[in-house]
Amino acid sequence: GLPPRDLAYLVLDALQRFIGYDLSGSILLFHDRGLLEVKAEKIVWVKAKSRFIGHRWSVEEPWLRKMARQGIHVLGPQAVNHEQRRLYQVLDYGTGANEPHPRSLLSAPLIGKKGLDG
């Protein structure tokens, strides 16, 4: 089989082709200790390697699991409710002073046999 990182990039490439335009994307894995980890990332506006691969940060585990159970989210800085604004802020990890904030994010949980994977 493919190594997990290669599979992650194949998924990102397929999403880019499916949607039909350049988009940035990332795959975050969830660790049971309430950690999210960037496993794969494509940043199209820079066309450069991500500096966030392997980056981990803590999130409130029950809240993240609740958001995952709700399914796919389309998010933006002006999201309708507090929970979606909070998820947007968690997923907007890669922006700084010289980098644009995304106008919108599409978030889809990765669910495996044991529950939330990413």
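Please refer to the structure placed before this passage.
In this text, all values refer to a predicted model and were calculated from it rather than measured experimentally.

Caption draft 1: A nonpolar patch on the surface, seen in detail. A surface patch of nonpolar side chains, about 440 Å² in accessible area, is lined by Leu-2, Leu-7, Leu-10, Val-11 and Leu-15. Residue position: Leu-2 is located in the segment before α1 (4-19).

Caption draft 2: Summary view of the nonpolar core. With 19 residues, the main nonpolar core has Leu-36, Trp-57 and Leu-64 as its most contacted residues. Leaving out residues up to four positions away in the same chain, Trp-57 has contacts with Leu-28, Gly-34, Leu-35, Leu-36, Val-38, Val-90 and Tyr-93.

Caption draft 3: Seen up close, the side chain of Glu-37. Within the fold, Glu-37 resides in strand β2 (residues 35-42). Accessibility expressed as a relative area gives 9% for Glu-37, which makes it buried. In terms of polar contacts, Glu-37 uses its side chain to reach the side chain of Arg-56, at 3.1 Å. With residues near it in sequence (within four places) discarded, Glu-37 still touches Ile-27, Leu-28, Leu-29, His-31, Gly-54, His-55 and Arg-56.

Caption draft 4: Fine view of the sheet that holds β2. Sheet architecture is open: three strands sit in the order β1-β2-β3, paired in antiparallel fashion. Only two strands of the sheet have a single neighbouring strand rather than two, namely β1 (25-31) and β3 (56-58). Averaged over all pairs of adjacent strands, the angle between strand axes in this sheet comes to 30°, irrespective of strand direction. Of the strand pairs in this sheet, β2 and β3 are connected by three bridges, and their pairing is antiparallel. By the bridge assignment, Leu-35 is partnered in β3 with Ser-58. Most of the contacts of α1 go to β2, to which it runs at about 60°, and overall it touches β1 and β2.

Reading the values: rules and limits
- Residues numbered from 1 in each chain as written.
- Predicted model: local features only at pLDDT ≥ 70, side-chain atom pairs only at ≥ 80, totals over all residues.
- Heavy atoms only, no water.
- Patch = residues over 30% accessible without salt bridge, like charges linked within 9 Å, V, L, I, M, F, W, Y side chains within 5 Å.
- Areas by Shrake-Rupley, 256 points an atom, 1.4 Å probe, with all protein chains shown as cover.
- Salt bridge = Lys/Arg side-chain N within 4 Å of Asp/Glu carboxyl O.
- Helix = DSSP H or I, 4+ residues; strand = E, 2+ residues; numbered from the N terminus.
- Core = buried A, V, L, I, M, F, W, Y, C linked by side-chain atoms within 4.5 Å.
- Buried < 20%, exposed > 50% of the residue type's maximum accessible area, 1.4 Å probe, protein only.
- Contact = heavy atoms within 4.5 Å.
- Polar contact = N/O pair within 3.5 Å; in protein donor to acceptor, adjacent residues only side chain to side chain.
- Pairing = 2+ DSSP bridges.
- Axes fitted to C-alpha atoms, helices over the stretch in contact; angles between N-to-C directions.

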